[in-house]
Protein chains: 2
Amino acid sequence: MTAVQSIEAHIHDLGLRAKTASRALARLSSDQKNAALMAMADELEADADSILAANATDVADAEEHGLTTAMIDRLKLTPDRIRKIAKDIRDVAGLPDPVGEAIRDWTRPNGLAIRKVRVPIGVIGIIYESRPNVTSDAAVLCIKTGNAVILRGGSESIHSNLAIAAALQSGGEKAGLPADSILLVADTDRAGVIHMAEMDRFIDMIVPRGGHALIEVVVKHARMPVIKHYHGVCHVYVDSAADLDMAMSITINAKCQRPGVCNSLETLLVHRAIATEFLEKCGPALIEKGVELRGDTAACEILGEIATHATEEDWSTEYLDLILSVSIVDNLEQAVDHIETYGSHHSDAIVTEDEETAEAFLSAVDSATVYWNASTRFTDGAEFGFGAEIGISTDKLHARGPMALEELTTYKYTIRGNGQIRG
Amino acid sequence: MTAVQSIEAHIHDLGLRAKTASRALARLSSDQKNAALMAMADELEADADSILAANATDVADAEEHGLTTAMIDRLKLTPDRIRKIAKDIRDVAGLPDPVGEAIRDWTRPNGLAIRKVRVPIGVIGIIYESRPNVTSDAAVLCIKTGNAVILRGGSESIHSNLAIAAALQSGGEKAGLPADSILLVADTDRAGVIHMAEMDRFIDMIVPRGGHALIEVVVKHARMPVIKHYHGVCHVYVDSAADLDMAMSITINAKCQRPGVCNSLETLLVHRAIATEFLEKCGPALIEKGVELRGDTAACEILGEIATHATEEDWSTEYLDLILSVSIVDNLEQAVDHIETYGSHHSDAIVTEDEETAEAFLSAVDSATVYWNASTRFTDGAEFGFGAEIGISTDKLHARGPMALEELTTYKYTIRGNGQIRG
């Protein structure tokens, strides 16, 4: 970006260049793409010094701006972290390439052979606010699937992001990656996000990863498909026919194993018939783990002084913390109603030994992932065996739940004939 | 809609009701849905008199407003047309139900059984401007796939649409269809389209079917996924290694068999090496069919007085008429460049006997359907063997090309465990 270029012109220029790159990228073989990925990993390690220098500038700026220690820690790169990023790139190179896969093929009575084949999407826009390693993670998954990528990271890591993106592009080009396959928005003015969202001429899909305000801006302005990664208000429903030891183990795991992530438990629903027996055991166990309990009236009656009263707002809150809201329900229908009313359609679980109840729950709950007798914490690309993950989609279309390589592709129909015309 | 209700309140009310209906609908079995469809067909026939009376009002209004004879013909219903609509409904009842299909299932090393299962989308908004039979076609495909539908037709057919939607809902309810499964926007104020587009809280997907201006309004305002049905600027590329008789047959079929539809041919690309031989035969044959030819300089040199000079605008124009633009290209790369620059990513074909060239074309052209040695006219749900079609998507994500029952579904993951927690 030159000093005289407006943010709008800059974004338009990136879009045009990425679109051109995407056409060449789509035609690379898996071997060519993997060779590029290996070269990207090599270059990232070779450029470690300049990346660390750029990162030091970001860290100094962050300290000057008074960012918290936790935020600075997330921002900070080390030689070890760079080696880890490079290893992750080489791991992605080793994954199977979904592009070219025949999703389905069939021959029509007139002899036309129709093949529904997996192809790259084209140009993907990734908007993120988090750690500089996302620059590499996102770019690498896009290249693996033959997509050009326009990255737009946050201002706090701009120097690191530019250095990482430059190393990846440069390393890739040495192994035949088309120019402009990996582009980074050089200007972190928020107007750039809006220009990206409106540029459906060049960008085929946008993935916003960040806070609610950022996602809202993208959704409001986007003319192309957006795959959102909203919050997770996840539930465990302990049915009257539950194995209560299992229910306690799942509840504690889903709430406590890593409370700061989107697939952790926020609201516990308990069938009235076993509520006293269950909560008298599980409540104190949660307290022992440092969990704050907020119950509805019935739950508070059982939990007594170890719980406070939940407000209406609690039921739709993603705590991302050691806080748990608890509600007593009369039956499956009430549990499902609660989840559909307050949940975020992310990950919800039932604990029961009754198959019929379980199947009714799996069918009725309209969430990306619905569990029977397992912790919600398994909603994750690696846990699903996908090998990579660009996030967890809370959208219903195109990508739902863990979003991996396949979700970075679309399809087209190729049709082979021998002169067929329509009568 | 009551007289005092604003259009915004009306749309909000429909959204809330449809969302409630969608939850009950999603749980119906295939048999229950098919029974509802059969009852809908019966009721449509039983209500024929009142539907025809409502239609007569629309036709009288249209005549008063001076609509063309062709437009009035498209609007007009007859007892025969109603019987045809009812037959189409019964045909859809006979199609396989995609809902519940396991797209994939696998078991993780920890014993979690993961199933990616096809489910309804929820609430689908259909915005259309065309014939009243779309009211039935669209509603029926949504019900078949377990989705609630909010229909918003054009003002010219509002009475017919209301009568048809009422018959379908009433017939369906007699066979157990949830209330509010099929809703029609009673107010044809364009503001309603905007309110629908912004109501992502209740509507999960919008399909606009109509002119460019209508689609633009939806794309600009939509917060949920939109599946567009834009125009088709389709190409046939006659390669130097083409069977020229086949090329002529495909060209004439793609252009002339039904020029007013989106998968008909608009631009013919001819390899320079065979341009004279091919165009000297094919040009006059097209003229004989009543086709107007518009060529680039090289094409006009060969075609002589039977062609006029194409303007830059011609290359991106969907004529929907007996007009064909013709350009001479030096090689496959130029043909692909032309298609990528001016085309609409709908349907494009190569005619060649050379497999390598054909495969390069199939791979490089980024269109929903790409043909080798066949007419572009086959881009159609019925021709693909899909049994039903809600349109032809020119979008890349979720649905691309012919959009049928499967494209009215999404998926979720159901996961069955025996107490797994994450370590």
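Note that this is a predicted model, so its numbers are computed, not measured.

Novice: Looking at this model, I keep getting lost on the sheet that holds strand 12 (residues 347–351) of chain B. Mind explaining?
Specialist: Consider a sheet: its strands pair through backbone hydrogen bonds, and that pairing is either parallel or antiparallel. Spatial ordering of the open sheet is given by 1(A)-2(A)-16(A)-13(B)-12(B)-7(B)-8(B)-11(B)-9(B)-10(B), a layout of ten strands whose pairing is mixed. Taken across any chain shown, the strands that pair with only one partner, and hence form the sheet edges, are strand 1 (102–107) of chain A together with strand 10 (307–309) of chain B. Within this sheet the neighbouring strands show an average axis-to-axis angle of 25°, counted without direction. Its contacts with the sheet place helix 10 (residues 244–256) of chain B against strand 16 (409–420) of chain A together with strand 7 (234–238), strand 8 (265–271), strand 11 (323–329), strand 12 and strand 13 (369–374) of chain B, and it is angled at close to 170° to strand 7 of chain B.

Novice: Sorry if this is basic, but what is going on with empty space enclosed by the protein here?
Specialist: Any space left empty among the atoms is revealed by the rolling of a water-sized probe across them. What the rule picks out here adds up to one cavity of 30 Å³ or more. Roughly 280 Å³ of internal volume is contained in the largest cavity. Along the wall of the largest cavity there are 22 residues; nearest its centre are Met224(A), Pro225(A), Val226(A), Met224(B) and Pro225(B). Among the residues forming the lining of the largest cavity, the class breakdown is 14 nonpolar, two polar and six charged.

Novice: For this particular structure, what's the right way to read the sheet that holds strand 3 (residues 123–128) of chain B?
Specialist: All names here are of chain B. Read across the open sheet, the four strands follow the order 5-4-3-6; overall the sheet is parallel. Each edge of the open sheet is held by one strand with a lone partner, namely strand 5 (182–184) and strand 6 (205–209). For this sheet, the mean angle separating the axes of adjacent strands, direction not counted, is 20°. Judged from the three bridges that link them, strand 4 (residues 148–152) and strand 5 form a sheet pairing that is parallel. Bridge pairing in strand 5 places Val149 opposite Ile182. In the packing of helix 7 (residues 158–174) onto the sheet, contacts are made with strand 3 and strand 5, and the angle to strand 5 comes to roughly 165°.

Novice: Teacher, can you tell me more about the side chain of Ser157(A) here?
Specialist: Residue and element names in this part refer to chain A. Within the secondary structure, Ser157 sits in the loop between strand 4 (148–152) and helix 7 (158–174). Ser157 gets classed as buried once you look at its relative accessible area, which sits at 0%. With near-sequence residues (within four places) excluded, Ser157 lies in contact with Asp58, Leu75, Ser130 and Pro132.

Novice: What should I look at first to understand the packing of aromatic side chains in this one?
Specialist: To describe a pair of aromatic rings, one takes the distance between the centres and the angle between the planes. Counted by the stated rule, this structure contains 16 aromatic pairs over all chains. Centre to centre, the rings of Phe384(A) and Trp106(B) are 6.4 Å apart; their planes meet at 70°, and the pair counts as edge-to-face. Placement of Phe384(A) in the loop between strand 13 (369–374) and strand 14 (391–393) and of Trp106(B) in strand 1 (residues 102–107) is noted, with the two residues assigned to different chains. Here Trp106(B) falls in the buried class, since its relative accessible area comes to 16%.

Novice: Help me understand the packing of helix 8 (residues 191–198) of chain A against helix 9 (residues 212–221) of chain A in this model?
Specialist: Packed helix pairs are specified by the crossing angle of their axes together with the interaxial distance, meaning the distance between the axes. Residue and element names in this part refer to chain A. Where helix 8 meets helix 9, the axes come as close as 8 Å, and the angle between the chain directions of the two elements is 35°. As helix 8 packs across helix 9, the resulting crossing turns out to be right-handed. In this structure, helix 8 contributes Val193, Ile194, Ala197 and Glu198 to the contact, and helix 9 contributes Leu214, Val217, Val218 and His221.

Novice: Before we go on, may I ask you to explain helix 14 (residues 355–364) of chain A in this structure?
Specialist: Restricting attention to buried positions, one finds in helix 14 of chain A the residues Thr357(A), Ala358(A), Phe361(A), Leu362(A) and Ala364(A). Each element contacted by the buried residues of helix 14 of chain A is listed here: strand 7 (234–238), helix 13 (332–342), strand 12 (347–351) and strand 13 of chain A together with strand 16 (409–420) of chain B. If you check the start of helix 14 of chain A, you find a side-chain oxygen 3.3 Å away from the backbone N of Glu356(A), and it comes from Asp354(A).

Novice: I tried to follow the relation of the copies chain A and chain B on my own but got confused; where do I start?
Specialist: Related by rotation about an axis and a shift along that axis, the two copies of the chain form a pair. Placing chain A over chain B gives an RMSD of 0.1 Å and needs a rotation angle of 180°, together with 0.0 Å of translation along the axis. What the rotation and shift describe, once combined, is the action of a two-fold rotation axis. Within chain A, His398(A) has its C-alpha nearest the rotation axis, a separation of 2.3 Å. Both copies share a contact surface, since 99% of the interface residues of chain A are interface residues in chain B too.

Analysis parameters
- Residues numbered from 1 in each chain as written.
- Chains lettered and ligands numbered in written order.
- Predicted model: local features only at pLDDT ≥ 70, side-chain atom pairs only at ≥ 80, totals over all residues.
- Heavy atoms only, no water.
- Pairing = 2+ DSSP bridges.
- Helix = DSSP H or I, 4+ residues; strand = E, 2+ residues; numbered from the N terminus.
- Axes fitted to C-alpha atoms, helices over the stretch in contact; angles between N-to-C directions.
- Contact = heavy atoms within 4.5 Å.
- 1 Å grid on protein atoms, 1.4 Å probe; cavity = no way out; pocket = protein on both sides within 12 Å on 5 of 7 lines; lining within 4 Å.
- Points joined across faces, edges and corners; volume = space filled by probe spheres on them.
- Nonpolar A, V, L, I, M, F, W, Y, C, P; charged D, E, K, R; others polar.
- Buried < 20%, exposed > 50% of the residue type's maximum accessible area, 1.4 Å probe, protein only.
- Phe/Tyr/Trp six-rings, centres within 6.5 Å; stacked < 30°, edge-to-face > 60°.
- Left-handed = near helix turned anticlockwise from the far one by under 90°.
- Polar contact = N/O pair within 3.5 Å; in protein donor to acceptor, adjacent residues only side chain to side chain.
- Least-squares fit on C-alpha atoms with pLDDT ≥ 70 in both.

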